[in-house]
Each structure stands twice: as structure tokens, then as C-alpha cells.
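Single-letter residue listing:
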Amino acid sequence: MSAVANPATVAECLRVGAGFSQGDRNWIAEQFATLDSRLAGFHADATELEVSVKDREAKGQKVTLECWIAGRQKIVTTSAEEDLHAALNDVRDDLRRRLNDAKTKQEPRHNKHLRDVPPPAAELEPDTDPARAEAETV
């Protein structure tokens, strides 16, 4: 991927949604700082992150992290962990995995594993059916 003039960072792109206050933003940005290396390949102007929590510190709390990157599908990760810290780590790690998966799908030529997969056996064996070979030449 080419170098980006203004790389995205969590601190620059993160918004806090329902259930969090602006005072929580810095603490959450610190928890998500490991995403910076993965987001660095995208322009900050075209990247947004929003974290929200429903029923904070209640038995059925649900943390949601949404990621919008221009030119890509929105990625939504959720966690129902009861501990808020664990839930934030869960959505962060899931977002990292999904960003990596999206990159692999978009650019498989850079994935050595995909390049080294041999073609299916049917493509390796030449067609030996003489009737079919005659039909193809007519």
C-alpha cells in the first residue's frame, strides 16, 4: 500500500457515542492505540471510528465499535462482555482482525499463501475425451 500523507490514528478519528462521555474518550483512545498501526494505511480525512455502549455496567451491557473508511464497507464489531475494559479490548481486537481480513480480500496478490495454492486437479489434467476435442475444433 502506498504511503499516506495524513495517516489515520485512533486519537484523531475516534468519536464517543451513547453511554460514554467526552471524559472517557482519552481512556478509550489509549485502549485502542494498538489500532494505529493498522489504520495508518488510510487517510485520516476518510476514516471514522465510533464507540458506544448500551446499558453501561449493567448485566446485559453491549459495546459497539463502528469503523467507516472511504471506499470500503462499514465494519461493526460488538461485545457483550460484562467487564467494560474487557469489552473494549474485545471490539478492538475484532476490528483489527476484520481490517486485516478486508485487506487480504482486497489485495490477495500480496498474500503469499493465496499465491502458492495449486490449481484444482481438473485444471492440471488435459481433456482426454476425443468426442469433446472434435466438437471444440468444429
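Residues numbered from 1 in each chain as written. Predicted model: local features only at pLDDT ≥ 70, side-chain atom pairs only at ≥ 80, totals over all residues. Heavy atoms only, no water.

**Quick word on the pairing of strand β2 (residues 47-54)**
Inference 1: For β2, the tally of buried residues reaches 6 of 8 residues, placing the bulk of the element in the interior.
Inference 2: Direction of pairing for strand β1 (residues 14-16) relative to β2: parallel, over a ladder of 3 bridges. The partner of Leu14 across the bridge, within β2, is Leu49. (Buried < 20%, exposed > 50% of the residue type's maximum accessible area, 1.4 Å probe, protein only. Helix = DSSP H or I, 4+ residues; strand = E, 2+ residues; numbered from the N terminus. Pairing = 2+ DSSP bridges.)

**Here's the deal with the layout of surface pockets**
Inference 1: The calculated volume of the largest pocket comes to roughly 170 Å³.
Inference 2: Lining the largest pocket are 10 residues, and of these Arg72, Gln73, Lys74, Ile75 and Ala102 lie nearest its centre.
Inference 3: Elements supplying a minimum of two residues to the lining of the largest pocket: β3 (62-69) and α4 (84-106).
Inference 4: Top element by residues in the lining of the largest pocket is α4. It accounts for 3 residues.
Inference 5: Its residues placed into classes, the lining of the largest pocket shows 5 nonpolar, 3 polar and 2 charged. (1 Å grid on protein atoms, 1.4 Å probe; cavity = no way out; pocket = protein on both sides within 12 Å on 5 of 7 lines; lining within 4 Å. Points joined across faces, edges and corners; volume = space filled by probe spheres on them. Nonpolar A, V, L, I, M, F, W, Y, C, P; charged D, E, K, R; others polar.)

**Quick look at the pairing of β3**
Inference 1: Of all 8 residues in β3, 6 are buried; the element is thus mostly enclosed.
Inference 2: The sheet contact formed by β2 and β3 spans 8 bridges and is antiparallel. Looking across to β3, one finds that Glu50 is bridged to Glu66.
Inference 3: Note: β3 against strand β4 (residues 75-79), 5 bridges, orientation antiparallel. Within β4, the residue paired with Val63 across the bridge is Ser79.
Inference 4: Connecting the antiparallel pair β3 and β4 is a turn made up of 5 residues, with Gly71 showing a positive phi of about 85°.

Remember, this is a structural readout, not a statement about activity or role.
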